[in-house]
Amino acid sequence: MKQGDAGFGFSTILDYRSGEGRPQNVVGFDWPLYECRMKVLEEKKAQAEAVERWIQEIEDGQTRCVFSMFYINGMSWLKISDKVKATGDHREDYPRICIRDAYLKKIGVK
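An account of the accompanying structure is given in this report. (Residues numbered from 1 in each chain as written. Predicted model: local features only at pLDDT ≥ 70, side-chain atom pairs only at ≥ 80, totals over all residues. Heavy atoms only, no water.)

### Here we look at the pairing of strand β1 (residues 8–15)
- The pairing of β1 with strand β2 (residues 22–29) spans eight bridges and is antiparallel. Note on β2: the bridge partner recorded for Ser-11 is Val-26.
- Counting the residues between successive antiparallel strands, the hairpin from β1 to β2 contains six residues, one of them, Gly-19, with a positive phi of roughly 105 degrees. (Pairing = 2+ DSSP bridges. Helix = DSSP H or I, 4+ residues; strand = E, 2+ residues; numbered from the N terminus.)

Below, the structure is given as structure tokens:
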């Protein structure tokens, strides 16, 4: 927001210098919007760090790898199934159902 015109906003005021009120635009940086966005960004960073710490605490290496590939690296289930050497017609379901869902069920999340 600090670079470019994205952070600039304007307000309309009435200018009475000539004796009657004429609308005038006042342009400036929108600090309240910037501070709100920075607060949201910090909350999202903290949430992402908490998720990464939770994933790193998973004891099983394959499960930790599947969670990391999907939630941190953003890989598709098909690419993950290629990495874990799943075979068959529904191979993208293997890491999702047999690894992720089974782990979540084991720890009582689902």
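### Considerations on the side chain of Thr-63
- Looking at the secondary structure, you find Thr-63 in helix α2 (residues 61–72).
- Polar contacts involving the side chain of Thr-63 include one to the side chain of Asp-60, which spans 2.6 Å.
- Contact partners of Thr-63, with chain neighbours within four places excluded, come to Ile-58, Ile-99 and Tyr-103. (Polar contact = N/O pair within 3.5 Å; in protein donor to acceptor, adjacent residues only side chain to side chain. Contact = heavy atoms within 4.5 Å.)

### Concerning a nonpolar patch on the surface
- Residues Phe-8, Phe-10 and Val-27 make up a contiguous nonpolar surface patch of roughly 350 Å² in combined accessible area.
- Summarising the element assignment, Phe-10 is placed in strand β1.
- The exposed category is assigned to Phe-10, whose relative accessible area is 57%. (Patch = residues over 30% accessible without salt bridge, like charges linked within 9 Å, V, L, I, M, F, W, Y side chains within 5 Å. Areas by Shrake-Rupley, 256 points an atom, 1.4 Å probe, with all protein chains shown as cover. Salt bridge = Lys/Arg side-chain N within 4 Å of Asp/Glu carboxyl O. Buried < 20%, exposed > 50% of the residue type's maximum accessible area, 1.4 Å probe, protein only.)

### So, α2
- Between the first and last C-alpha of α2 there are 15 Å, a value that for twelve residues agrees with the 16 Å anticipated at 1.5 Å per step.
- Restricting attention to buried positions, one finds in α2 the residues Thr-63, Val-66, Phe-67, Ser-68 and Met-69.
- Buried-residue contacts for α2 involve α1 (31–56), α3 (77–83) and α4 (93–107).
- Just past α2, the residue Gly-74 takes up positive phi, approximately 75 degrees. (Expected span 1.5 Å × (residues − 1).)

### Let's talk about the packing of aromatic side chains
- The full count for this structure, using the stated rule, is nine aromatic pairs.
- For the ring pair Trp-31 and Tyr-34, a centre distance of 5.5 Å and an interplane angle of 90 degrees mean the geometry is edge-to-face. A residue pair is termed a helical-turn pair when its members lie 3 or 4 positions apart in one helix, as Trp-31 and Tyr-34 do in helix α1 at three residues.
- For Trp-31, a relative accessible area of 43% puts it in the partly exposed group.
- Among the residues examined, Tyr-34 registers a relative accessible area of 17% and is labelled buried.
- A centroid spacing of 4.8 Å and a plane angle of 90 degrees characterise the contact between Phe-70 and Tyr-71, whose relative ring orientation is edge-to-face. (Phe/Tyr/Trp six-rings, centres within 6.5 Å; stacked < 30°, edge-to-face > 60°.)

On their own, these measurements won't tell you what the molecule is for.
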